[in-house]
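# Structural overview
Residues per chain, in single letters:
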Amino acid sequence: TEEANLGEQMDYTITGIEPGAGLTGLARESLEVYDNLEGWELQESSTAGMLTQLEQAIQNEEPIVVTGWAPHWMFERYDLKMLEDPELALGEEEQIHTIARTGLENDLPDAYAILDAFNWEVEDMQEVMLEAQDTPFEEVAADWIEDNRDKVDEWVAGTEPVNGEAIQLVSTPWDSERASANVMKLVLEEQGYSVTITSVDPAIIFQSIATGEADASLAPWLPSTHGAFMEEYGEDIDDLGENLGGAVNAFTVPEYMEIDSIEDLPS
Ligand code: PBE
């Protein structure tokens, strides 16, 4: 039948990303949640690998299912749709949070206040991500700050500049978090901090903040994507709350595929 054909064309495989991504964990669980996905496999590789396979499939108008998320430029570049997820296996809307080691508020109160005030919109993050496709993140972040001085002024309001105090940000390797980390790095540098960004797996974000090895991160996606890490380390972490709302994870397919829901995938 046409349905079985569709499954065979995709080799009953969902094209995934890094094994350490929160989304990969959710996608693995989804295979258990949906009966029709019994026999399907999650191919774990890398974000770059997933995007290459997506591009190739679209060029050949072939079916493909990838583990997708927004904000991401894949939705600007291609006609894609997120499959409905009636069981909410990939979670609902996600918020991106700012977290800090428990001593930071005491040690660097002004940096803490800036981190606490930091919040922006999906459109802001997307603008930085899109431009960073052909310009280094540092440059794009500097431009964004120039164009959005009023927002930055709000984040630093009431704080005093410092003289070279070191602050260590940890972030994840995805473009969304490279965008926020690079903007925050420059904002803190303007205030006199000496800032490093270390890019690590989500698990290490939580571990390094909980142990106090790193100072802060703007990268956690909650409640679902990194929820398991928050459960494990949350007691030893200062959660400063949401810095961006409206992020989302979804099994994602090209618009030309005639399915709308995870439940439409052939078993
Ligand atoms: N992501 C993008 C990451 C967080 C940001 C959804 C691919 C993940 O850990 O799954």
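Residues numbered from 1 in each chain as written. Predicted model: local features only at pLDDT ≥ 70, side-chain atom pairs only at ≥ 80, totals over all residues. Heavy atoms only, no water.

## Here we look at the domain arrangement of the chain
Structurally, the chain comprises domain 1 (2-92 + 249-264) and domain 2 (95-246). Put simply, the middle of domain 1 and the middle of domain 2, counted by C-alpha atoms, are 29 Å apart. Between domain 1 and domain 2, roughly 1,300 Å² of surface is buried when both sides are summed, and carbon and sulfur atoms account for 64% of that area. The largest contributions to the domain 1 side of the interface with domain 2 come from Pro71, Trp73 and Glu76, which together make up 41% of the buried area. Across the domain 1-domain 2 interface, the total number found is zero salt bridges. Summed over the shared surface of domain 1 and domain 2, the number is five residue pairs in polar contact (both at pLDDT 80 or more). Contributions of two or more residues to the side of domain 1 that touches domain 2 are made by helix 2 (22-33), strand 3 (66-70) and helix 4 (74-77). With three residues, helix 2 is the largest single contributor of residues to the side of domain 1 that touches domain 2. By residue class, the composition of the side of domain 1 that touches domain 2 is nine nonpolar, six polar and three charged. (Domains from an automatic or database assignment. Buried area = accessible area lost by both parts, 1.4 Å probe. Salt bridge = Lys/Arg side-chain N within 4 Å of Asp/Glu carboxyl O. Polar contact = N/O pair within 3.5 Å; in protein donor to acceptor, adjacent residues only side chain to side chain. Helix = DSSP H or I, 4+ residues; strand = E, 2+ residues; numbered from the N terminus. Nonpolar A, V, L, I, M, F, W, Y, C, P; charged D, E, K, R; others polar.)

## Quick look at the environment of valine 162
Looking at the element boundaries, valine 162 is found in the loop between helix 9 (149-156) and strand 6 (166-171). On the basis of relative accessible area, valine 162 is assigned to the partly exposed category, the value being 22%. Expressed as a C-alpha distance, the spacing of valine 162 and aspartate 143, which sit 19 residues apart in the sequence, is 23 Å. Those residues in contact with valine 162 that sit more than four places away from it in its chain are Gln191, Gly192 and Tyr193. (Buried < 20%, exposed > 50% of the residue type's maximum accessible area, 1.4 Å probe, protein only. Contact = heavy atoms within 4.5 Å.)

## Structural notes on the pattern of salt bridges
Counted according to the given criterion, the structure contains nine salt bridges. Here arginine 149 makes a salt bridge to glutamate 146, at a shortest N to O gap of 3.1 Å. Take arginine 149: its relative accessible area is 27%, and that puts it in the partly exposed class. Judged by relative accessible area, which is 52%, glutamate 146 ranks as exposed. Aspartate 175 is paired through a salt bridge with arginine 178; the nearest N and O atoms lie 3.8 Å apart. Highlighted residues: aspartate 175 and arginine 178, both in helix 10 (residues 175-190), separated by three residues, approximately one helical turn.

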